[in-house]
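Below are the chains, spelled out letter by letter.
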Amino acid sequence: MSGVPASAAGGSSSARRTAPRGTVGPAHGPAERTTPGGTVERDAAERGTAERGATEGGAGGRGGKIAAAAVNQASLWNVANLLTMFRLLLVPVFVVLMLGNGGYDPAWRSFAWAAFAVAMFTDLFDGHLARTYNLVTDFGKIADPIADKAIMGAALICLSALGDLPWWVTAVILGRELGITVLRFVVIRYGVIPASRGGKLKTLTQGIAVGMYVLALTGPLATLRFWVMAAAVILTVATGLDYVKQAIVLRRRGIAERRAALKNASKESEA
């Protein structure tokens, strides 16, 4: 016999059986006993911790978004875009030098050639840098072709205005460049027309020919620049026609693929 009344022992065991869920019995010591008031206090503490965590998490999320936005904004100022911006700034500088002192001063024309050469030289690197180091941005996609056509167009117009180059040559080259640019935007929903080797050769030949005309050349070099410009005009027309052909094929293929996709979707819906 233990000397403990059965009712007391039974009451104790009954109390343990009917203890509220989530409470700890006396065997665990008074530090772990949970009273209704203590439960409320603990729940409040847990809610406070959760709210603080949510607040800190929200702040961290907002901070992460701000940081990501800052990185995206900073990416605009990468080296490839800076070269493109520099090339755009060279356009008015080139025009001023080209037309300086009446437009026929050999010294001014030499400075203009230097500005033109730097612009063409940077054009060879900004696109390569953007693709190689993953620096491609929406700004670069738009600004790079604009910079290319701006410096070339400025040179051709200045040369024709000064009487050094027939206006029809300027019209053919600029008309082709603007026309192909518009054509690219028209068919872009069907795909992208890739740059061809002929197009790259055309760009190089145009740069050399225009550069030779910018310089005040005489004698055999003046004759040579005529033939280089003739080659540039031929390549300009030939590659332009090739781009038109590619655009037509790309558009027809895109339309056929869309029709096939719609036909398949219609069959699946009927099934």
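Here, the structure is the one placed above.
Residues numbered from 1 in each chain as written. Predicted model: local features only at pLDDT ≥ 70, side-chain atom pairs only at ≥ 80, totals over all residues. Heavy atoms only, no water.

A.B. asks: Would you mind going over the overall build of the protein chain with me for this structure?
C.D. replies: Within the protein chain, the regular secondary structure consists of 8 helices and 0 strands. For the protein chain, the N- to C-terminal ordering of α and β elements is α-α-α-α-α-α-α-α. Within the protein chain, buried positions represent 29% of all 271 residues. For the protein chain, restricting intrachain contacts to residue pairs at least 6 apart in sequence, the fraction spanning at least 24 positions comes to 73%. Summed over all atoms, the accessible surface of the protein chain reaches about 17,400 Å², with 67% contributed by carbon and sulfur. (Helix = DSSP H or I, 4+ residues; strand = E, 2+ residues; numbered from the N terminus. Buried < 20%, exposed > 50% of the residue type's maximum accessible area, 1.4 Å probe, protein only. Contact = heavy atoms within 4.5 Å. Areas by Shrake-Rupley, 256 points an atom, 1.4 Å probe, with all protein chains shown as cover.)

A.B. asks: I tried to follow the side chain of Q206 on my own but got confused; where do I start?
C.D. replies: On the secondary structure map, Q206 appears in helix α7 (residues 197-214). Looking at Q206, the relative accessible area reads 4%, which means it is buried. In this structure Q206 touches M152, I173, E177, A232 and T236, once residues within four positions along its chain are discounted.

A.B. asks: Where do I start with helix α3 (residues 79-99) in this structure?
C.D. replies: Three or four residues apart is the spacing at which side chains of an α-helix point the same way, because the helix has 3.6 residues per turn. In this model α3 runs 31 Å from its N-terminal to its C-terminal C-alpha over 21 residues, within 8% of the 30 Å that 1.5 Å per residue would give. At V91, α3 shows its maximal kink, close to 25°; a proline, P92, follows between one and four residues later. Taken together, the buried positions of α3 are A80, N81, T84, M85, R87, L90, V91, F94, L97 and M98. In the segment just after α3, N101 is the residue with positive phi, at about 55°. (Expected span 1.5 Å × (residues − 1). Bend = angle between axes of the 7 residues up to and from the residue.)

A.B. asks: What is the right way to look at the packing of aromatic side chains in this model?
C.D. replies: The geometry of an aromatic ring pair comes down to the distance between the two centres and the angle between the two planes. Overall, the coordinates contain 2 aromatic pairs when judged by the stated rule. With centroids separated by 5.9 Å and ring planes inclined at 45°, the aromatic side chains of F94 and F116 adopt a geometry described as tilted. Here F94, found in helix α3, pairs with F116, found in helix α4 (residues 106-132); they are 22 residues apart in sequence, far enough to count as distant. Both residues of the pair, F94 and F116, count as buried. Consider the rings of F226 and W227, whose centres lie 5.2 Å apart with planes at 80°: the pair is edge-to-face. Taking relative accessible area as the criterion, F226 reaches 46% and is therefore assigned partly exposed. (Phe/Tyr/Trp six-rings, centres within 6.5 Å; stacked < 30°, edge-to-face > 60°.)

A.B. asks: What's the story with a nonpolar patch on the surface in this structure? I'm lost.
C.D. replies: On the surface, L88, I142 and I146 cluster together into a nonpolar patch covering about 260 Å² of accessible area. Summarising the element assignment, L88 is placed in helix α3. Residue L88 is classed as partly exposed on the basis of its relative accessible area, which comes to 30%. (Patch = residues over 30% accessible without salt bridge, like charges linked within 9 Å, V, L, I, M, F, W, Y side chains within 5 Å. Salt bridge = Lys/Arg side-chain N within 4 Å of Asp/Glu carboxyl O.)

A.B. asks: How should a positive patch on the surface be read in this particular structure?
C.D. replies: A cluster of basic side chains, namely R189, R251, R252 and R258, defines a positive patch on the protein surface. Along the chain, the position of R252 falls in helix α8 (residues 220-270). R252 sits in the exposed class, given a relative accessible area of 61%. (Lys, Arg positive; Asp, Glu negative; His and termini not counted. Charge placed at Lys NZ, Arg CZ, Asp CG, Glu CD.)

A.B. asks: Sorry, what's going on with α4 here?
C.D. replies: Taking 1.5 Å of rise per residue, 27 residues should cover 39 Å, and α4 covers 39 Å from first to last C-alpha, within 8% of that figure. Here α4 has its buried residues at R109, A112, A115, F116, A119, M120, T122, D123, D126, G127, L129 and A130. Buried residues belonging to α4 abut α3, α5 (138-161) and α7. Where α4 begins, the capping side chain belongs to D105, and its oxygen is found 2.9 Å from the backbone nitrogen of A107. At the exit of α4 stands N134, carrying a positive phi of roughly 55°. (Polar contact = N/O pair within 3.5 Å; in protein donor to acceptor, adjacent residues only side chain to side chain.)

A.B. asks: Can you help me understand the nonpolar core in this one?
C.D. replies: Looking at soluble globular proteins, one finds that nonpolar side chains tend to be buried together. Counting residues in hydrophobic clusters, the biggest one holds 32 residues, and the most contacted among them are F94, M98, F116, V210 and M229. If you list the elements that add at least two residues to this core, you get α3, α4, α5, α6 (167-187), α7 and α8. If you tally residues by element for this core, the top one is α5, at 7 residues. Dropping the residues within four chain positions of it, F94 is found in contact with A112, A115, F116, I151, A154, A155 and V214. Core analysis: the next-biggest nonpolar cluster, separate from the first, contains 7 residues, V187, Y190, I193 and A247 among them. (Core = buried A, V, L, I, M, F, W, Y, C linked by side-chain atoms within 4.5 Å.)

A.B. asks: Quick question: what am I supposed to make of the packing of α3 against α4 here?
C.D. replies: To describe two helices that pack against each other, one gives the angle between their axes and the distance between the axes. With their axes 9 Å apart at the nearest point, α3 and α4 run at an angle of 165° to one another. Taken together, the axis directions place α3 and α4 in an arrangement best described as roughly antiparallel. Helix-helix and strand crossings are classified by hand; for α3 and α4 the assignment is left-handed. Grouping the constituent residues of the contact of α3 with α4 by class yields 18 nonpolar, 2 polar and 4 charged. (Axes fitted to C-alpha atoms, helices over the stretch in contact; angles between N-to-C directions. Parallel < 35°, antiparallel > 145°, perpendicular 65-115°, else oblique. Left-handed = near helix turned anticlockwise from the far one by under 90°. Nonpolar A, V, L, I, M, F, W, Y, C, P; charged D, E, K, R; others polar.)

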